[in-house]
Amino acid sequence: GQQVMQIPQYQHVQEGEDFTTYCNSSTTLSNIQWYKQRPGGHPVFLIQLVKSGEVKKQKRLTFQFGEAKKNSSLHITATQTTDVGTYFCAGTEYGNKLVFGAGTILRVKS
Amino acid sequence: SAVISQKPSRDICQRGTSLTIQCQVDSQVTMMFWYRQQPGQSLTLIATANQGSEATYESGFVIDKFPISRPNLTFSTLTVSNMSPEDSSIYLCSVEDLGGPYEQYFGPGTRLTVT
């Protein structure tokens, strides 16, 4: 069945440093979504990517979808303490359910 | 986006008992989902709750253990039956936003501890 792998599992950065998490699917995806879960909170939808090679930005966050639609990345520029949390990617095969990656826990030292 | 509430927010239950978790949405939605998230882990889909039909369960989850009701387009319940400590987890409902395909919005979750 469809699998979505995400790395790294955990990253601890100094405030102001950049952060990237990577997501890889075993199959071609129709779309990929990114969610953020603050400690003690619930997952919150960030963005959806649909097109091959698509790049979207939200302030300091840059999201990419690979040309083959099997991988994606989330890059945060100049992290802040408010960026702390777990970032999940979630992919959908055509017509199938959403499958979540394991998540990357981000900790930011101030 | 939809506003979702869940009850209870947390509970401590004895093994062998059952707990029903409620999920209420402030607008009508077609698709509602129930997930389980164990501490520090990812989200695992339990089932999709469809209004007017039986829920669709994922591999490893069965109706006898996790019966689901979906009486209307704004409400669903998940029951965790005959609980054991292995059922200790956070249970989340989510809905699919009609504003965009597949975007899901999550409720605050129910933190269940089974002793």
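Please read all numbers here as calculations on a predicted model, not as lab measurements. (Residues numbered from 1 in each chain as written. Chains lettered and ligands numbered in written order. Predicted model: local features only at pLDDT ≥ 70, side-chain atom pairs only at ≥ 80, totals over all residues. Heavy atoms only, no water.)

*Asks:* What's the story with the state of the cysteines in this structure? I'm lost.
*Replies:* A covalent bond between the sulfur atoms of two cysteines is what we call a disulfide. A full pass over the atoms with the stated rule returns two disulfides over all chains. Between the sulfur atoms of A:Cys23 and its disulfide partner A:Cys89 the distance amounts to 1.9 Å. With the S-S bond torsion at 75 degrees, the cross-link from A:Cys23 to A:Cys89 turns out right-handed. Taken together, the positions of A:Cys23 in strand 3 (residues 19-25) and A:Cys89 in strand 9 (residues 85-92) put the pair 66 residues apart, joining distant regions of the chain. Here A:Cys23 matches A:Cys89 in class, with each residue buried. With its sulfur 2.0 Å from that of its partner, B:Cys23 forms a disulfide with B:Cys93. Every disulfide takes its handedness from the sign of the S-S torsion; for B:Cys23 and B:Cys93 that torsion is 70 degrees, giving right-handed. Taken together, the residues span a long stretch of sequence, with B:Cys23 in strand 3 (residues 19-25) and B:Cys93 in strand 9 (residues 89-96) at a distance of 70 residues. Of the residues examined, B:Cys23 reaches a relative accessible area of 0% and is grouped as buried. B:Cys13 takes part in no disulfide bond, and the closest cysteine sulfur to it belongs to B:Cys93, at a distance of 17 Å. (Disulfide = S-S within 2.5 Å. Helix = DSSP H or I, 4+ residues; strand = E, 2+ residues; numbered from the N terminus. Buried < 20%, exposed > 50% of the residue type's maximum accessible area, 1.4 Å probe, protein only.)

*Asks:* Mind showing me how you'd approach the sheet that holds strand 7 (residues 61-65) of chain A here?
*Replies:* Two modes of strand pairing occur in sheets, parallel and antiparallel, and in both the strands are linked by backbone hydrogen bonds. Residue and element names in this part refer to chain A. The strand order 1-3-8-7-6 describes an open sheet built from five strands, whose pairing is antiparallel. Two strands in the sheet have a free side with no partner beyond their single neighbour: strand 1 (4-7) and strand 6 (55-58). On average, each strand axis in the sheet is tilted by 15 degrees relative to the strand beside it, whichever way the strands run. Sheet topology places strand 6 next to strand 7; four bridges connect them, and they run antiparallel. Its bridge partner lying in strand 7, Gln-58 is registered against Leu-61. (Pairing = 2+ DSSP bridges. Axes fitted to C-alpha atoms, helices over the stretch in contact; angles between N-to-C directions.)

*Asks:* Is there a simple way to think about the side chain of A:Lys69 in this case?
*Replies:* All names here are of chain A. Position of Lys-69 relative to the elements: it lies in the loop between strand 7 and strand 8 (71-76). Glu-54 provides the closest opposite charge to the buried, unpaired Lys-69, separated from it by 7.7 Å. Those residues within four positions of Lys-69 in sequence are excluded, and the remaining contacts are Thr-27, Thr-28, Leu-29, Ser-30, Val-50, Ser-52 and Tyr-94. (Lys, Arg positive; Asp, Glu negative; His and termini not counted. Salt bridge = Lys/Arg side-chain N within 4 Å of Asp/Glu carboxyl O. Contact = heavy atoms within 4.5 Å.)

*Asks:* Where do I start with the pattern of salt bridges in this structure?
*Replies:* Between side chains of opposite charge, pairing is possible as soon as their charged atoms come close. Residues and elements named next belong to chain B. Evaluation of the coordinates by the stated rule reveals four salt bridges over all chains. With a shortest N-O distance of 2.6 Å, Lys-65 and Asp-87 are connected by a salt bridge. With Lys-65 in the loop between strand 6 (56-57) and strand 7 (68-72) and Asp-87 in the loop between strand 8 (75-80) and strand 9, this residue pair connects regions lying 22 residues apart in the sequence.

*Asks:* Would you explain the sheet that holds strand 1 (residues 4-7) of chain B in this entry?
*Replies:* All names here are of chain B. Spatial ordering of the open sheet is given by 1-3-8-7, a layout of four strands whose pairing is antiparallel. With one partner strand each, in any of the chains shown, strand 1 and strand 7 form the two edges of the open sheet. When strand polarity is set aside, the average angle formed by the axes of neighbouring strands in this sheet is 15 degrees. In this sheet, strand 8 lies alongside strand 7 in antiparallel orientation, the contact comprising three bridges. In the sheet register, Ser-69 faces strand 8, and the bridge partner there is Thr-77.

*Asks:* I'm lost on the interface of chain A and chain B in this one. Help?
*Replies:* Bring the parts together and some accessible area is lost; that lost area is often taken as the interface size. Between chain A and chain B, the residue contacts involve 16 residues of the former and 16 residues of the latter. Counting the contacts that link chain A with chain B gives one salt bridge. Note that A:Lys97 and B:Glu58 form a salt bridge whose closest N and O atoms lie 3.1 Å from each other. Our enumeration of links across chain A and chain B arrives at four residue pairs in polar contact (both at pLDDT 80 or more). Those elements giving two or more residues to the side of chain A that touches chain B turn out to be strand 4 (31-37), strand 5 (44-49), strand 9 and strand 10 (98-100) of chain A. Looking at side-chain class alone, the side of chain A that touches chain B contains seven nonpolar, eight polar and one charged residues. (Polar contact = N/O pair within 3.5 Å; in protein donor to acceptor, adjacent residues only side chain to side chain. Nonpolar A, V, L, I, M, F, W, Y, C, P; charged D, E, K, R; others polar.)

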